[in-house]
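Chains, contacts and geometry: an overview
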Amino acid sequence: MLVALLPYEILIIYIYPDDSYYFFEIAKNLSREGILSFDRIHITNGFQPLWLILLVPVFLFNIPNLLALRIIILYQGILTGISLLFVYKTLLHLFNKNSAKFGTLILAFLPISFFAYLGGCEASLNLLGLSYLLYYIITNDLSKLSYKNTIILGLVMGLSLFTRLDNVIIISSIIAWLIFSGIVRFKKENIKKIIVFILIFPVIPGIYLLWNYLLFGNFMPISGILLKSSTTYAVLYVLVIVFVCFIINIILRLTIKRYTNKNWEEISQGTKFLIIIFLLPLFHFLYYQFIGGRFVHWYLAIELLSLTIGSAFIFHSLPRISNLKIENTNVSFIALSLILIFTIVPFFGGFLFDVKLYQLSPRYYEATQWVNENLPKNSTLASANAGFLGYFIEQPLIESWGLVNSFEFIEKYNGNRTKFIIEGDYDYYIDQTQYIPLNNTEMQAQNLTFIIEFYDVWAPYRTLEIWKKN
C-alpha cells in the first residue's frame, strides 16, 4: 500500500515523538467533544495543563490532522522565537554583543535543542517561561522590591509550575537562592512585597492541584505516578535542594571572604545568579535519578538555557584569558562550527544520560490508514505506544500502559501490559513487536489472531503487528 505524502508532510509527521501525539489527541477530543480523554472512553489528567490549553484552539475548527501538525510547528516556532529574544537580551545584559549572538545561535541550532523545542510537547512553552523568568531576574534589581516585581515573579513562577509540575525543583531552587544569596533582602520596606508574592505565587498551581484532587483523588497527574514520581518524593527532594542552596551560599561567602579582597555583598546580582543557573540542570537531572524515572529531550528546557548561558560565558571569557581578538564576522562561524561538532550529542547523549530521542517508523502512517479503511468503525483498538496511532486512527484506541488513562485503569492493570492483553476490553491490539510482551504462540493461546504486520526494514523490532481478539 503506497501512501501519498509529500516530503514536508513526512518531516512534520515524524519530527514529533509518540508522546506529543497524546497532547494532540486529548486537545482534539477536548475541543470537539468536550472530554478530557485520549481514547474517548477513559477520563485522564495525564498531560501538562498549560500546553494542552494552548493546543485546544488548533483543533476547534475540525481541520485535517496533517494541517493541525503544520500549525503546531509554526506555533512552537513563534514561542521559540520569543524565547530566543529573551535569551539574547539576557546575554547582552550579562556579557557583550558577540557573546550574546554566540549563545543565542547555540540555543537556536544545536540539534538536541531543535528536537526539544519543536518536539510537539511542552518544551517550547517551558523554554519561553523559564527564559523570561531568568531575563526578568537578571535585568531587574531585586534588592529593592516593588509590587510590580513581586506580582510578575509570582505569576511567572506560578505559570511555570502550571507548564510542568517538575519545575517545582527549578522554582524552589531559584527562590531559595534569591533569599540565601541576599539578592532579595528581608528589609522592612520589602516585607509587604514578599507577602504579596507568597499570596500570588501558589494561586495558579494550587487551583490545578486542587482540581486534580477533587476530580481524580490525587494531586499528581496519572503520568507522573506511572513514571514513579509522587507528591512525597517531590516535597522531600525540594527540601533537600533548599538545604543544599543554603550550604553552598555559606561556603561561597566564606571562600570569597578568605581568598579575595571582596565581601559576598560586593558581588553583582548577575554574577550571584549565574551560580544557580549553572546548578539548576544538576538539581533537575538528579531528581529523575532519585525517583528512577525516565529523562527525555523535551524535559531539557533549563538544561538548554544553562548550556546557552554557559557557552556565552566561555566565549566572553576566552578573549580576556588568551588575549584573542574576535571580530563580529567570526561569531556565527564559530557558533555554527561548534553546532556541527555537537551534532553527535543526540546520538551519544542517550548512552551518557539516558536522554532518548524517539523515532517512529514511516510504516506507522501506512498502518493507521489501513486500520481506517479495513477495520470496523465501531471497533476498539489498544496499544502500549498509542500516541501517533491514536491521533491518526479514527476508531477509539486505548493506551494500555496507562500514561494517558484513568486512575481506575491503573488500579486494575498497574501498567501490566500482559494482564491487559489477556483481560482487557478491546477488539484489536496494535503495537511494535518489541513492546508486545507475549510471543506469537502465547498471543494465540489467549484467543488472539494475527491479522497483518507492517515491516520496518531499517529496524525490524519496530515492525507493527495487528492482532484480533476473538
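Above this note sits the structure.
What comes next concerns the included structure. (Residues numbered from 1 in each chain as written. Predicted model: local features only at pLDDT ≥ 70, side-chain atom pairs only at ≥ 80, totals over all residues. Heavy atoms only, no water.)

Extensive coverage of strand β3 (residues 428-432) is indicated by the burial of 5 of its 5 residues. Pairing between β3 and strand β5 (residues 464-469): 5 bridges, direction antiparallel. Each bridged residue has a counterpart across the sheet, and for Q432 the counterpart in β5 is L464. (Buried < 20%, exposed > 50% of the residue type's maximum accessible area, 1.4 Å probe, protein only. Helix = DSSP H or I, 4+ residues; strand = E, 2+ residues; numbered from the N terminus. Pairing = 2+ DSSP bridges.)

Secondary-structure assignment places T418 in helix α21 (residues 417-423). Its relative accessible area of 25% is what places T418 among the partly exposed residues. Residues T418 and W401, spaced 17 residues apart in sequence, show a C-alpha to C-alpha distance of 9.8 Å. Ignoring sequence-local partners within four residues, the contact set of T418 consists of P437 and L438. (Contact = heavy atoms within 4.5 Å.)

This model, assessed by the stated rule, comprises 41 aromatic pairs. When the ring of Y16 is compared with that of F24, the centres are 5.2 Å apart and the planes differ by 75°; the resulting orientation is edge-to-face. Both rings, one in Y287 and one in Y288, keep their centres 5.3 Å apart while their planes meet at 85°; by these two values the pair is edge-to-face. Each member of the pair, Y287 together with Y288, is buried. Members of the aromatic cluster, connected to one another through ring pairs, are Y16, Y21, F24, F59, Y364, Y365, F388, Y391 and F392. In this arrangement the basic side chain of K28 is found over the ring face of Y391, its NZ or CZ atom lying 4.3 Å from the centre. Positioned over the ring face of Y147 is K193, at 5.1 Å from the centre of the ring. (Phe/Tyr/Trp six-rings, centres within 6.5 Å; stacked < 30°, edge-to-face > 60°. Lys NZ or Arg CZ within 6 Å of the ring centre and 35° of its normal.)

This part is about the side chain of T150. Summarising the element assignment, T150 is placed in helix α8 (residues 147-163). A polar side-chain atom of T150 sits 3.0 Å from the main-chain carbonyl oxygen of Y147. Here T150 is in contact with L145, K193, I194, V196 and F197, once residues within four sequence places are set aside. (Polar contact = N/O pair within 3.5 Å; in protein donor to acceptor, adjacent residues only side chain to side chain.)

Glancing now at the pattern of salt bridges. Considering all chains together, one arrives at 8 salt bridges under this definition. Between E25 and K28 there is a salt bridge, and its shortest N-O distance comes to 3.0 Å. Taken together, the residues span about one helical turn, with E25 and K28 both in helix α2 (residues 18-33) at a distance of 3 residues. Of the two residues, E25 and K28, both sit in the buried class. (Salt bridge = Lys/Arg side-chain N within 4 Å of Asp/Glu carboxyl O.)

Ranked by size, the top nonpolar core spans 128 residues in total, and within it Y21, F24, I174 and F273 carry the most contacts. Counting residues in each nonpolar core, the second largest holds 14 residues, with F409, Y426, Y429 and M443 among its members. (Core = buried A, V, L, I, M, F, W, Y, C linked by side-chain atoms within 4.5 Å.)

Moving on: a nonpolar patch on the surface. Taken together, the side chains of F243, F246, I247, I250, I251 and L254 present a nonpolar region at the surface, about 550 Å² in accessible area. With respect to the secondary-structure elements, I251 resides in helix α13 (residues 231-259). (Patch = residues over 30% accessible without salt bridge, like charges linked within 9 Å, V, L, I, M, F, W, Y side chains within 5 Å. Areas by Shrake-Rupley, 256 points an atom, 1.4 Å probe, with all protein chains shown as cover.)

Glancing now at the packing of α13 against helix α14 (residues 269-291). Their axes nearest at 11 Å, the elements α13 and α14 cross at an angle of 145°. The hand of the α13/α14 crossing is right-handed. Where α13 abuts α14, its residues Y233, A234, Y237, I241, V244, C245, I248 and L252 lie against I275, I276, L279, L282, F283, L286, Y287, F290 and I291. Among the residues forming the contact of α13 with α14, the class breakdown is 17 nonpolar, no polar and no charged. (Axes fitted to C-alpha atoms, helices over the stretch in contact; angles between N-to-C directions. Left-handed = near helix turned anticlockwise from the far one by under 90°. Nonpolar A, V, L, I, M, F, W, Y, C, P; charged D, E, K, R; others polar.)

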